[in-house]
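Spelled out from the first residue to the last, the chains are:
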Amino acid sequence: MPAHGLAKTRVELMRIAVTGKHGQLAQSLQERVATIAGISLVCIGRPELDLARPAGLMQALAGCNADLVINAAAYTEVDKAESDADAAFAVNAAGAGAVAHAAADLGLPVIQLSTDYVFDGEASLPYTETAKTNPVSVYGASKLAGEAAVIAANPQHLVIRTAWVYSPFGKNFVKTMLRLAGERETLRIIDDQTGNPTSALDLADGILRAAHAVVHPGFKDWGVYNIAGSGSTSWAGFAAHIFDKSGRAGGASAKIDPIAAAEFVTAAKRPSNSQLDCTKTETIFGYRAPDWRKSCSIIVKRLLAES
Ligand SMILES: NC(=O)c1ccc[n+]([C@@H]2O[C@H](COP(=O)([O-])OP(=O)(O)OC[C@H]3O[C@@H](n4cnc5c(N)ncnc54)[C@H](OP(=O)(O)O)[C@@H]3O)[C@@H](O)[C@H]2O)c1
(Lines give C-alpha, C1' and ligand atoms only; values in the text may rest on other atoms or scores of the structure.)
Protein backbone atom coordinates (compact mmCIF):
# COMPACT_ATOMS: atom_id res chain seq x y z
CA MET A 1 0.00 0.00 0.00
CA PRO A 2 1.45 3.44 -0.90
CA ALA A 3 2.22 5.88 1.97
CA HIS A 4 -0.90 7.96 1.32
CA GLY A 5 -2.83 4.83 2.38
CA LEU A 6 -5.36 5.14 -0.42
CA ALA A 7 -5.74 1.81 -2.15
CA LYS A 8 -6.47 1.82 -5.86
CA THR A 9 -9.77 0.03 -5.57
CA ARG A 10 -11.27 1.62 -2.45
CA VAL A 11 -11.28 5.28 -3.48
CA GLU A 12 -14.44 7.02 -4.63
CA LEU A 13 -14.22 9.49 -7.48
CA MET A 14 -12.77 12.82 -6.31
CA ARG A 15 -11.59 15.78 -8.36
CA ILE A 16 -9.24 18.26 -6.70
CA ALA A 17 -8.36 21.76 -7.92
CA VAL A 18 -4.81 22.76 -6.98
CA THR A 19 -3.34 26.26 -7.29
CA GLY A 20 0.41 26.84 -7.64
CA LYS A 21 0.73 24.42 -10.55
CA HIS A 22 4.52 24.67 -10.92
CA GLY A 23 5.42 24.57 -7.22
CA GLN A 24 6.99 21.74 -5.22
CA LEU A 25 3.75 20.70 -3.56
CA ALA A 26 1.55 20.82 -6.67
CA GLN A 27 4.06 18.71 -8.62
CA SER A 28 4.33 16.25 -5.72
CA LEU A 29 0.54 15.96 -5.54
CA GLN A 30 0.48 15.22 -9.26
CA GLU A 31 3.07 12.50 -8.88
CA ARG A 32 1.25 10.87 -5.97
CA VAL A 33 -2.23 11.12 -7.51
CA ALA A 34 -0.93 9.28 -10.56
CA THR A 35 -0.73 6.19 -8.28
CA ILE A 36 -4.37 6.42 -7.09
CA ALA A 37 -7.33 5.40 -9.22
CA GLY A 38 -10.42 7.55 -8.74
CA ILE A 39 -8.69 10.84 -7.82
CA SER A 40 -7.89 13.47 -10.42
CA LEU A 41 -6.15 16.81 -10.11
CA VAL A 42 -6.73 19.98 -12.06
CA CYS A 43 -3.68 22.15 -11.45
CA ILE A 44 -3.92 25.84 -12.22
CA GLY A 45 -1.19 28.45 -12.07
CA ARG A 46 0.19 31.62 -13.51
CA PRO A 47 -0.47 33.15 -15.97
CA GLU A 48 -4.06 31.74 -16.06
CA LEU A 49 -4.49 32.17 -12.31
CA ASP A 50 -2.68 34.99 -10.50
CA LEU A 51 -3.55 35.29 -6.80
CA ALA A 52 -2.38 38.89 -6.85
CA ARG A 53 -5.25 39.56 -9.29
CA PRO A 54 -8.13 37.55 -7.86
CA ALA A 55 -10.73 38.90 -10.32
CA GLY A 56 -10.60 35.78 -12.52
CA LEU A 57 -10.38 33.36 -9.61
CA MET A 58 -14.01 32.37 -9.34
CA GLN A 59 -14.27 31.56 -13.03
CA ALA A 60 -11.00 29.58 -12.97
CA LEU A 61 -12.05 27.51 -9.94
CA ALA A 62 -15.61 26.98 -11.20
CA GLY A 63 -14.13 25.69 -14.47
CA CYS A 64 -12.25 22.97 -12.56
CA ASN A 65 -15.52 21.29 -11.58
CA ALA A 66 -13.80 20.07 -8.41
CA ASP A 67 -14.91 18.55 -5.09
CA LEU A 68 -12.17 20.28 -3.12
CA VAL A 69 -9.66 23.11 -3.55
CA ILE A 70 -6.03 22.99 -2.37
CA ASN A 71 -4.29 26.37 -2.29
CA ALA A 72 -0.63 25.45 -2.80
CA ALA A 73 0.25 28.80 -4.42
CA ALA A 74 2.18 31.22 -2.26
CA TYR A 75 4.75 33.96 -2.24
CA THR A 76 7.55 31.81 -0.76
CA GLU A 77 10.64 34.03 -1.08
CA VAL A 78 11.18 34.58 2.64
CA ASP A 79 14.01 37.12 2.42
CA LYS A 80 12.61 39.05 -0.56
CA ALA A 81 9.29 39.44 1.29
CA GLU A 82 10.99 41.74 3.82
CA SER A 83 11.25 44.46 1.17
CA ASP A 84 8.20 43.35 -0.83
CA ALA A 85 5.55 43.12 1.89
CA ASP A 86 2.68 44.35 -0.27
CA ALA A 87 3.25 41.58 -2.82
CA ALA A 88 3.67 38.91 -0.11
CA PHE A 89 0.44 39.97 1.63
CA ALA A 90 -1.43 40.28 -1.69
CA VAL A 91 -0.74 36.61 -2.49
CA ASN A 92 -0.44 34.97 0.93
CA ALA A 93 -3.18 36.87 2.77
CA ALA A 94 -5.68 38.47 0.34
CA GLY A 95 -5.09 35.83 -2.37
CA ALA A 96 -5.51 32.93 0.06
CA GLY A 97 -8.68 34.52 1.41
CA ALA A 98 -10.03 34.96 -2.12
CA VAL A 99 -9.39 31.28 -2.95
CA ALA A 100 -11.20 30.20 0.23
CA HIS A 101 -14.05 32.61 -0.50
CA ALA A 102 -14.48 31.34 -4.05
CA ALA A 103 -14.41 27.74 -2.78
CA ALA A 104 -17.09 28.63 -0.20
CA ASP A 105 -19.27 30.20 -2.91
CA LEU A 106 -18.95 26.96 -4.86
CA GLY A 107 -19.81 24.97 -1.73
CA LEU A 108 -16.37 23.36 -1.64
CA PRO A 109 -13.92 22.72 1.21
CA VAL A 110 -10.49 24.36 0.97
CA ILE A 111 -7.09 23.15 2.14
CA GLN A 112 -4.73 26.07 2.75
CA LEU A 113 -1.00 25.53 3.24
CA SER A 114 0.76 27.47 5.95
CA THR A 115 4.12 27.47 7.68
CA ASP A 116 6.15 26.93 10.85
CA TYR A 117 7.26 30.56 10.36
CA VAL A 118 4.02 31.74 12.00
CA PHE A 119 5.91 31.05 15.27
CA ASP A 120 8.69 33.05 16.88
CA GLY A 121 10.73 29.95 17.73
CA GLU A 122 11.15 30.77 21.41
CA ALA A 123 9.34 27.64 22.64
CA SER A 124 11.35 24.65 23.84
CA LEU A 125 8.72 22.06 22.84
CA PRO A 126 7.36 21.34 19.34
CA TYR A 127 4.46 23.63 18.44
CA THR A 128 0.93 22.21 18.52
CA GLU A 129 -1.86 23.70 16.40
CA THR A 130 -3.10 25.79 19.33
CA ALA A 131 0.30 27.22 20.33
CA LYS A 132 0.59 31.00 20.36
CA THR A 133 1.65 32.42 17.00
CA ASN A 134 4.04 35.34 16.72
CA PRO A 135 5.75 35.60 13.33
CA VAL A 136 9.16 37.25 13.19
CA SER A 137 9.21 37.83 9.41
CA VAL A 138 7.00 39.48 6.80
CA TYR A 139 6.54 36.09 5.12
CA GLY A 140 5.40 34.53 8.43
CA ALA A 141 3.05 37.45 9.10
CA SER A 142 1.58 37.23 5.59
CA LYS A 143 0.96 33.48 5.94
CA LEU A 144 -0.64 33.99 9.37
CA ALA A 145 -2.91 36.67 7.87
CA GLY A 146 -3.75 34.13 5.14
CA GLU A 147 -4.74 31.55 7.77
CA ALA A 148 -7.13 34.06 9.35
CA ALA A 149 -8.56 35.08 5.96
CA VAL A 150 -9.20 31.45 4.98
CA ILE A 151 -10.79 30.60 8.33
CA ALA A 152 -13.08 33.66 8.06
CA ALA A 153 -14.02 33.01 4.41
CA ASN A 154 -14.85 29.32 4.45
CA PRO A 155 -16.11 27.24 7.39
CA GLN A 156 -15.03 24.11 5.53
CA HIS A 157 -11.29 24.67 5.84
CA LEU A 158 -8.15 22.82 6.76
CA VAL A 159 -5.11 25.02 7.40
CA ILE A 160 -2.10 22.71 7.14
CA ARG A 161 1.18 24.04 8.52
CA THR A 162 4.32 22.46 7.22
CA ALA A 163 8.06 23.20 7.34
CA TRP A 164 11.44 23.05 5.58
CA VAL A 165 9.96 21.56 2.39
CA TYR A 166 12.18 19.83 -0.18
CA SER A 167 11.45 17.62 -3.18
CA PRO A 168 12.77 16.60 -6.58
CA PHE A 169 11.04 19.73 -7.96
CA GLY A 170 11.64 23.48 -7.94
CA LYS A 171 14.05 25.26 -5.63
CA ASN A 172 14.87 23.82 -2.20
CA PHE A 173 17.60 23.26 0.39
CA VAL A 174 18.51 19.73 -0.78
CA LYS A 175 19.04 20.83 -4.37
CA THR A 176 20.97 23.92 -3.26
CA MET A 177 23.26 21.87 -1.01
CA LEU A 178 24.02 19.35 -3.77
CA ARG A 179 24.82 22.19 -6.17
CA LEU A 180 27.03 24.05 -3.69
CA ALA A 181 28.86 20.84 -2.72
CA GLY A 182 29.92 20.56 -6.35
CA GLU A 183 31.36 24.08 -6.21
CA ARG A 184 32.99 24.39 -2.78
CA GLU A 185 34.99 22.21 -0.39
CA THR A 186 33.52 23.65 2.83
CA LEU A 187 30.13 25.24 3.47
CA ARG A 188 29.14 27.42 6.43
CA ILE A 189 25.70 26.19 7.57
CA ILE A 190 23.49 27.40 10.41
CA ASP A 191 23.44 24.99 13.33
CA ASP A 192 21.27 26.82 15.89
CA GLN A 193 17.89 26.73 14.12
CA THR A 194 15.89 23.53 14.57
CA GLY A 195 12.99 22.26 12.46
CA ASN A 196 11.43 19.30 10.65
CA PRO A 197 12.68 18.74 7.10
CA THR A 198 9.61 17.67 5.10
CA SER A 199 9.53 15.87 1.77
CA ALA A 200 6.81 17.44 -0.39
CA LEU A 201 5.95 13.90 -1.50
CA ASP A 202 5.22 12.95 2.14
CA LEU A 203 3.28 16.19 2.57
CA ALA A 204 1.26 15.27 -0.53
CA ASP A 205 0.49 11.86 0.99
CA GLY A 206 -0.76 13.48 4.21
CA ILE A 207 -2.85 16.04 2.32
CA LEU A 208 -4.43 13.36 0.13
CA ARG A 209 -5.31 11.36 3.23
CA ALA A 210 -6.95 14.47 4.72
CA ALA A 211 -8.67 15.30 1.41
CA HIS A 212 -10.17 11.84 1.31
CA ALA A 213 -11.61 12.39 4.79
CA VAL A 214 -13.00 15.90 4.32
CA VAL A 215 -15.03 15.21 1.18
CA HIS A 216 -17.08 12.65 3.08
CA PRO A 217 -20.43 14.09 4.17
CA GLY A 218 -20.50 14.62 7.92
CA PHE A 219 -16.80 15.48 8.30
CA LYS A 220 -16.61 17.99 11.15
CA ASP A 221 -12.96 18.27 12.24
CA TRP A 222 -12.24 21.47 10.33
CA GLY A 223 -9.34 23.55 11.61
CA VAL A 224 -5.56 23.82 11.80
CA TYR A 225 -3.24 20.82 11.37
CA ASN A 226 0.51 20.22 11.29
CA ILE A 227 2.13 17.91 8.74
CA ALA A 228 5.94 17.73 8.78
CA GLY A 229 8.69 15.13 8.57
CA SER A 230 9.16 13.05 11.72
CA GLY A 231 12.23 13.92 13.75
CA SER A 232 14.08 17.21 13.81
CA THR A 233 17.48 18.63 13.06
CA SER A 234 19.37 21.87 12.36
CA TRP A 235 20.21 23.13 8.86
CA ALA A 236 23.77 21.84 9.44
CA GLY A 237 22.38 18.43 10.48
CA PHE A 238 20.14 18.42 7.41
CA ALA A 239 23.11 19.24 5.17
CA ALA A 240 25.30 16.59 6.87
CA HIS A 241 22.73 13.92 6.03
CA ILE A 242 22.46 15.11 2.42
CA PHE A 243 26.25 15.03 1.98
CA ASP A 244 26.59 11.65 3.68
CA LYS A 245 24.01 10.07 1.35
CA SER A 246 25.33 11.86 -1.72
CA GLY A 247 29.00 11.07 -0.96
CA ARG A 248 28.27 7.38 -0.39
CA ALA A 249 26.43 7.24 -3.73
CA GLY A 250 29.36 8.84 -5.58
CA GLY A 251 27.75 12.32 -5.71
CA ALA A 252 28.98 15.69 -4.47
CA SER A 253 29.84 16.15 -0.80
CA ALA A 254 31.29 19.01 1.24
CA LYS A 255 32.67 19.65 4.72
CA ILE A 256 30.40 21.61 7.01
CA ASP A 257 31.47 24.57 9.11
CA PRO A 258 28.56 24.84 11.62
CA ILE A 259 27.77 28.47 12.42
CA ALA A 260 25.28 30.46 14.50
CA ALA A 261 22.41 32.21 12.71
CA ALA A 262 23.85 35.48 14.01
CA GLU A 263 26.94 34.88 11.82
CA PHE A 264 24.86 34.56 8.63
CA VAL A 265 22.97 37.75 7.98
CA THR A 266 19.71 37.38 6.05
CA ALA A 267 17.01 39.95 5.38
CA ALA A 268 14.39 37.91 7.24
CA LYS A 269 14.69 36.65 10.79
CA ARG A 270 13.84 32.96 11.22
CA PRO A 271 12.57 31.11 14.30
CA SER A 272 15.29 29.23 16.22
CA ASN A 273 12.99 26.32 17.09
CA SER A 274 10.07 25.79 14.74
CA GLN A 275 9.44 22.07 15.27
CA LEU A 276 5.81 21.09 14.71
CA ASP A 277 3.90 18.55 16.80
CA CYS A 278 1.96 16.42 14.30
CA THR A 279 -0.04 14.30 16.77
CA LYS A 280 -3.40 15.82 15.77
CA THR A 281 -2.96 14.82 12.12
CA GLU A 282 -2.11 11.29 13.16
CA THR A 283 -5.15 11.13 15.46
CA ILE A 284 -7.70 12.59 13.04
CA PHE A 285 -6.38 11.46 9.65
CA GLY A 286 -4.19 8.49 10.59
CA TYR A 287 -1.18 9.96 8.79
CA ARG A 288 2.33 10.33 10.18
CA ALA A 289 5.17 11.37 7.85
CA PRO A 290 8.22 9.09 7.76
CA ASP A 291 11.44 9.99 9.55
CA TRP A 292 12.97 12.92 7.66
CA ARG A 293 16.29 11.06 7.17
CA LYS A 294 14.58 8.22 5.33
CA SER A 295 12.68 10.56 3.00
CA CYS A 296 15.72 12.80 2.48
CA SER A 297 17.81 9.77 1.47
CA ILE A 298 15.19 8.83 -1.13
CA ILE A 299 15.17 12.32 -2.66
CA VAL A 300 18.99 12.62 -2.69
CA LYS A 301 19.24 9.26 -4.47
CA ARG A 302 16.61 10.33 -6.98
CA LEU A 303 18.24 13.71 -7.65
CA LEU A 304 21.61 12.03 -8.24
CA ALA A 305 20.00 9.52 -10.62
CA GLU A 306 18.27 12.35 -12.50
CA SER A 307 21.39 14.57 -12.73
N1 LIG B 1 8.95 25.59 0.74
C2 LIG B 1 8.97 25.54 2.07
O3 LIG B 1 10.01 25.30 2.71
C4 LIG B 1 7.68 25.73 2.84
C5 LIG B 1 7.74 25.69 4.25
C6 LIG B 1 6.55 25.87 4.95
C7 LIG B 1 5.37 26.12 4.29
N8 LIG B 1 5.36 26.18 2.93
C9 LIG B 1 4.09 26.45 2.27
O10 LIG B 1 3.74 25.30 1.49
C11 LIG B 1 3.03 25.72 0.31
C12 LIG B 1 3.67 25.09 -0.91
O13 LIG B 1 5.03 25.51 -0.97
P14 LIG B 1 6.00 25.07 -2.15
O15 LIG B 1 7.31 24.74 -1.53
O16 LIG B 1 5.33 24.12 -3.05
O17 LIG B 1 6.17 26.49 -2.89
P18 LIG B 1 6.89 26.83 -4.24
O19 LIG B 1 7.60 25.63 -4.77
O20 LIG B 1 7.64 28.08 -4.00
O21 LIG B 1 5.67 27.10 -5.22
C22 LIG B 1 4.83 28.18 -5.00
C23 LIG B 1 3.93 28.30 -6.20
O24 LIG B 1 3.11 29.46 -5.97
C25 LIG B 1 2.99 30.11 -7.18
N26 LIG B 1 2.70 31.53 -7.04
C27 LIG B 1 3.47 32.51 -6.50
N28 LIG B 1 2.85 33.69 -6.61
C29 LIG B 1 1.67 33.44 -7.23
C30 LIG B 1 0.60 34.25 -7.64
N31 LIG B 1 0.61 35.59 -7.49
N32 LIG B 1 -0.47 33.68 -8.25
C33 LIG B 1 -0.49 32.35 -8.47
N34 LIG B 1 0.50 31.52 -8.13
C35 LIG B 1 1.57 32.07 -7.50
C36 LIG B 1 4.32 29.93 -7.90
O37 LIG B 1 4.08 30.12 -9.27
P38 LIG B 1 5.22 30.28 -10.39
O39 LIG B 1 5.68 28.88 -10.67
O40 LIG B 1 4.50 30.92 -11.51
O41 LIG B 1 6.29 31.15 -9.78
C42 LIG B 1 4.66 28.51 -7.52
O43 LIG B 1 4.15 27.61 -8.48
C44 LIG B 1 3.03 27.24 0.34
O45 LIG B 1 1.82 27.68 0.92
C46 LIG B 1 4.17 27.60 1.28
O47 LIG B 1 3.95 28.85 1.91
C48 LIG B 1 6.49 25.98 2.19
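This text follows the structure it describes.
Heads up: these notes are all about the structure in this document. Keep in mind it's a predicted model, so treat the numbers as computed, not measured. Positions within a chain are numbered from 1, following the residues in the order the chain's sequence is written. Only residues with pLDDT of 70 or above have their local features reported here, since the model is predicted, and side-chain atom pairs are shown and tallied only from 80 upward, although totals for entire chains, interfaces and linings are computed over all residues. Each side-chain value is derived from all of the structure's non-hydrogen atoms; neither hydrogens nor water enter the calculation.

**Considerations on the nonpolar core**
Right, so step 1: The definition of a nonpolar core used throughout is a set of buried Ala, Val, Leu, Ile, Met, Phe, Trp, Tyr and Cys residues joined through side-chain atoms within 4.5 Å. Relative accessibility thresholds used throughout: buried, under 20% of the residue-type maximum; exposed, over 50%; partly exposed, between the two (1.4 Å probe, protein chains only). M177, F238 and I242 are the most contacted members of the largest nonpolar core, which has 62 residues in total.
Right, so step 2: Here this core takes seven residues from helix 3 (residues 85-105), the largest share from any one element.
Right, so step 3: Contacts are assigned to residue pairs with any non-hydrogen atoms lying within 4.5 Å of each other. In this structure, M177 is in contact with L187, I189, A239, I242 and F243, ignoring residues within four places of it in sequence.
Right, so step 4: With 29 residues, the next largest nonpolar core counts M14, C43, F219 and Y287 among its residues. Helix and strand assignments follow DSSP, with helices taken as H or I runs no shorter than four residues and strands as E runs no shorter than two, numbered in order from the N terminus.

**Some points on the site of the ligand**
Right, so step 1: If a single non-hydrogen atom of a residue is within 4 Å of a molecule or strand, that residue counts as near it. Surveying the vicinity of the ligand reveals 24 residues, the closest of which are D50, L51, T76, Y139 and K143.
Right, so step 2: Polar contacts, as used here, are pairs of N or O atoms within 3.5 Å; protein pairs need one atom able to donate a hydrogen and one able to accept it. Residues neighboring in sequence count only if both atoms are side-chain atoms. In the model, an oxygen atom of the ligand is placed 2.9 Å from a nitrogen or oxygen of the L25 main chain.
Right, so step 3: Areas reported here follow the Shrake-Rupley algorithm with a probe of radius 1.4 Å; residue values treat only the protein chains shown as occluding. Burial of the ligand by the protein chains amounts to 83% of its free accessible area of 910 Å².
Right, so step 4: Every element with two or more residues in the shell around the ligand is listed here: helix 1 (24-33), strand 4 (110-115) and helix 4 (138-153).
Right, so step 5: Among the elements that take part in the shell around the ligand, strand 4 stands out by supplying three residues, more than any other.
Right, so step 6: Residue composition of the shell around the ligand, by class: 13 nonpolar, eight polar and three charged. Think of it as three bins: nonpolar holds Ala, Val, Leu, Ile, Met, Phe, Trp, Tyr, Cys and Pro, charged holds Asp, Glu, Lys and Arg, and polar takes everything else, Gly as well.

**What about the sheet that holds strand 4?**
Right, so step 1: The pairing criterion for strands is at least two bridges between them, as found by DSSP. One open sheet holds the six strands; their spatial order is 2-1-3-4-5-10, and the pairing between them is parallel. What marks the edges here is a single partner per strand, and that holds for strand 2 (39-44) and strand 10 (223-226). If you compare each strand with its neighbour and ignore which way they point, the axes differ by 25 degrees on average.
Right, so step 2: Summarising the sheet, strand 3 (residues 68-71) and strand 4 pair through three bridges and their orientation is parallel. Fitted lines through C-alpha atoms give the axes, limited to the stretch in contact for helices. The angle between two N-to-C directions lies from 0 to 180 degrees.

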